[in-house]
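Structural characterization, general
In case you want the letters, here they are:
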Amino acid sequence: MKRIFGVLMLAALAGCGADGEPIRPTAQASVGVGSHGVNGAVGTTLRRGNVSVGMGVAL
């Protein structure tokens, strides 16, 4: 739990611009229809220089 909290705090610090220029997140969403029903996914990516961090969930 402490690691998750630490990662969230670092993301918040990077997002607010306290350590430099703010990082703008990008968001993705997709919906698909197939023979097995409807499926979807959402996610976000933070990118700064050569470093990229992404999180997402499939619905």
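One structure accompanies this document, and this report is about it. (Residues numbered from 1 in each chain as written. Predicted model: local features only at pLDDT ≥ 70, side-chain atom pairs only at ≥ 80, totals over all residues. Heavy atoms only, no water.)

1. Brief notes about a nonpolar patch on the surface
- A grouping of Met1, Ile4 and Leu8 is seen on the molecular surface, where their side chains present a nonpolar patch of about 390 Å² in accessible area.
- Looking at where Met1 falls in the secondary structure, it is placed in the segment before helix H1 (2-16). (Patch = residues over 30% accessible without salt bridge, like charges linked within 9 Å, V, L, I, M, F, W, Y side chains within 5 Å. Areas by Shrake-Rupley, 256 points an atom, 1.4 Å probe, with all protein chains shown as cover. Salt bridge = Lys/Arg side-chain N within 4 Å of Asp/Glu carboxyl O. Helix = DSSP H or I, 4+ residues; strand = E, 2+ residues; numbered from the N terminus.)

2. Thoughts on the sheet that holds strand S2 (residues 37-48)
- One open sheet accounts for three strands, arranged S1-S2-S3; its pairing is antiparallel. Every other strand in the sheet has two partners, leaving strand S1 (26-34) and strand S3 (51-58) as the edge strands with one partner each. In this sheet, neighbouring strand axes are inclined to one another by 20 degrees on average, regardless of whether the strands run parallel or antiparallel. (Pairing = 2+ DSSP bridges. Axes fitted to C-alpha atoms, helices over the stretch in contact; angles between N-to-C directions.)

3. A word on the environment of Glu21
- The residue Glu21 is located in the loop between H1 and S1 in this model.
- Looking at Glu21, the relative accessible area reads 65%, which means it is exposed.
- Sequence spacing of Glu21 and Arg48 is 27 residues, and the spatial spacing of their C-alpha atoms is 9.8 Å. (Buried < 20%, exposed > 50% of the residue type's maximum accessible area, 1.4 Å probe, protein only.)

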